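Descriptive structure summary
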Amino acid sequence: MTTIEAKPALEIPAFQNERVKDFRDPSDVASMRAALDAMKKELGRHYPLVIAGRKIETEKKIRSLNPADPNEIVGITSAASKAQANEAIEAAAKAFESWRQLTLAERAAYLFKTAQLLRERRFQYDALLVHEVGKSWSEADGDIAEAIDFLEFYAREALRYAAPQPVVPLEGERNELVYVPLGVGAIIPPWNFAGAIMAGLTSAAIVCGNAVVLKPSSDAAVIAAWFVDLLHEVGVPPGVVNFIPGSGSEIGDAIVTHPDIRFVSFTGSKEVGLRINELAAKPQPGQKWIKRVVAEMGGKDSIVVAADANVDAAVEGVAVSAFGFQGQKCSACSRAIVDQSIYDEFVDKLRRRVSTISVGDPRDPAVFMGPVVNEGALRSILGYIETGKTEGRLIAGGNRAGDRGYFIEPTVIADVDPNARIAQEEIFGPVLAVIKARDFEDALKIANNTEFGLTGSLYTTDEKKIERARDEFFVGNLYFNRKSTGAMVGVHPFGGFNMSGTDSKAGGRDYLLLFMQAKSISRKV
Ligand code: NAP
């Protein structure tokens, strides 16, 4: 095992977000082109399971396809069986015994080193995301910048929790409170922030002293394989992070119900999150604890545009929030709720703005919208568009674009009833419903009428409306006069209310507590 020296806390500068590249700098453009070119040599590579540091090829494979050109195989990962998932959990349980004994500062040092290597290889990772999930250049870079942020932020958070925690002094006793890890965790990320969420969930769990099994999304297993390699390269000991790709429906239940699993850290859809929560709640023979489930789930996010809003700014915010990364962000705006007094002006300007959005292969830097992630998503989104055509007035898009990749036109459907299916169900694609509100009161009521509560935004120039929305707009991440996407680590701790999840606030000061338990130690003196 490579040893890494823990940096003394004093040497560590305050956390700063990594700047996301806008690719206006010609040297960034040249580096990105070179990285995209170099990806050609990586295509089709095989990635094994990693259990206790051992690389294991299996017969069953997961093929990661480029959604812009599904004939192109980005990589082929081995798929774990249930028996191999069990083996990985046992390996984690074994590794936990020594990993938990390192100090928080020692474990934080691994995260700092990983962040540094990721920074050095940033364009390679950006290029992989362009290929594996169809991100545009800047969306890919934003994803990797956020992964670096999570590593840097959670490392500093670990140091904060390592410091003596305040307890009330009592004469005759010496008292302290320390944080200890939970045990073995299952890390189950989605594909949409394939770098950031996967790295964030994994690093938060291990820096606290837990050992994990990482079951990546089947649509984004290659980037997870790269990241696990990176962790091993900086010396994270074998068994602390075990890599077990596999279809969630085939091995997910076996992982979640394993008696040695102490916690599940999941981000994904409501349906899968609720299933995990239910299965994890039932104790298994031999299980000694109540499993902790951190589940961040779907959204149906609204932008409210009040009568007094700057309409041009609102149109821009809605367009970017609805169609950035093809609407495949949990924070994407899928409902614009617009005051009737400015409704026609808003719809007209939005239609014109959306007509300027370019759709195509994201290897081309001029492209704003790439493909949706896979064929299943394509079919499901096109199905919702057909439903939407009967539930409102199509004013933009409405079709598949091209016939090879999974491209869909940015689609806007106006005059939608607040209870229509496309106004209630998470579509997770480039489809926006525009809803007319009688007044602000009505708009707020509509904004709160779904089962979700993830992000929301209000465009207004009226302080009183801002005050009311602060109190009544029931979402975990509320924004004023800006887009509903683009939460930054440390700046906008992220997590939703209601069926959007457990509100864990990733990238916030409470997050690491979810992966530790506090031990109070008292000594008579
Ligand atoms: P998903 O279908 O729920 O999958 C998420 C993860 O769960 C994947 O790794 C998947 O593996 C796995 N999985 C599937 N079935 C499972 C089972 N029975 N047991 C255990 N694991 C299982 O979601 P997705 O399509 O990847 O991601 C999109 C969803 O994530 C959207 O709903 C979006 O809103 C949500 N999301 C939420 C946040 C947030 O912070 N609230 C952030 C990002 C995304 P397979 O790929 O092998 O099926």
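Residues numbered from 1 in each chain as written. Predicted model: local features only at pLDDT ≥ 70, side-chain atom pairs only at ≥ 80, totals over all residues. Heavy atoms only, no water.

Things to note about the pattern of salt bridges
As enumerated under the stated definition, the model contains 38 salt bridges in all. Taking the shortest distance from any N to any O, the salt bridge between R379 and E375 comes out at 3.3 Å. Of this pair, R379 and E375 both sit in helix α12 (residues 375–391), 4 residues apart, roughly one helical turn. Residue R379 is classed as partly exposed on the basis of its relative accessible area of 46%. (Salt bridge = Lys/Arg side-chain N within 4 Å of Asp/Glu carboxyl O. Helix = DSSP H or I, 4+ residues; strand = E, 2+ residues; numbered from the N terminus. Buried < 20%, exposed > 50% of the residue type's maximum accessible area, 1.4 Å probe, protein only.)

Remarks on the site of the ligand
In the vicinity of the ligand lie 32 residues, with P189, S218, S269, M297 and E426 positioned nearest. Taking W191, its side chain carries an N or O atom lying 2.9 Å from an oxygen atom of the ligand. G268 has a polar backbone atom sitting 3.3 Å from an oxygen atom of the ligand. Relative to its unbound accessible area of 910 Å², the ligand is 87% covered by the protein chains. Every element with two or more residues in the shell around the ligand is listed here: α8 (248–257), β10 (261–267) and α9 (270–281). (Near = heavy atom within 4 Å. Polar contact = N/O pair within 3.5 Å; in protein donor to acceptor, adjacent residues only side chain to side chain. Areas by Shrake-Rupley, 256 points an atom, 1.4 Å probe, with all protein chains shown as cover.)

Here we look at the packing of aromatic side chains
Taken as a whole and judged by the stated rule, the model has 13 aromatic pairs. Ring geometry for F150 versus Y154: centroids 5.4 Å apart, planes at 10 degrees, classification stacked. Of this pair, F150 and Y154 are both found in helix α5 (residues 137–162), 4 residues apart, which corresponds to roughly one turn of the helix. Y154 sits in the buried class, given a relative accessible area of 1%. An aromatic cluster of at least three residues, connected via ring pairs, comprises F15, F150, F153, Y154, F263, Y511 and F515. In this arrangement the basic side chain of R160 is found over the ring face of Y161, its NZ or CZ atom lying 4.7 Å from the centre. If you follow K465 out to its NZ or CZ, it ends over the ring of F440, 5.8 Å from the centre. (Phe/Tyr/Trp six-rings, centres within 6.5 Å; stacked < 30°, edge-to-face > 60°. Lys NZ or Arg CZ within 6 Å of the ring centre and 35° of its normal.)

Let's talk about the sheet that holds strand β12 (residues 301–305)
Judged by pairing direction, the sheet is mixed, and its 7 strands sit side by side in the order β14-β17-β18-β13-β12-β19-β20 without closing on themselves. Each having just a single partner strand, β14 (393–396) and β20 (477–480) make up the two edges of the open sheet. In this sheet, adjacent strand axes meet at a mean angle of 20 degrees when their direction is disregarded. Where strand β19 (residues 455–459) meets β20, 4 bridges bridge the pair, whose relative direction is parallel. Across the sheet, S457 pairs through a bridge with Y479, a residue of β20. (Pairing = 2+ DSSP bridges. Axes fitted to C-alpha atoms, helices over the stretch in contact; angles between N-to-C directions.)

Function-wise, these values are silent; they only describe arrangement.
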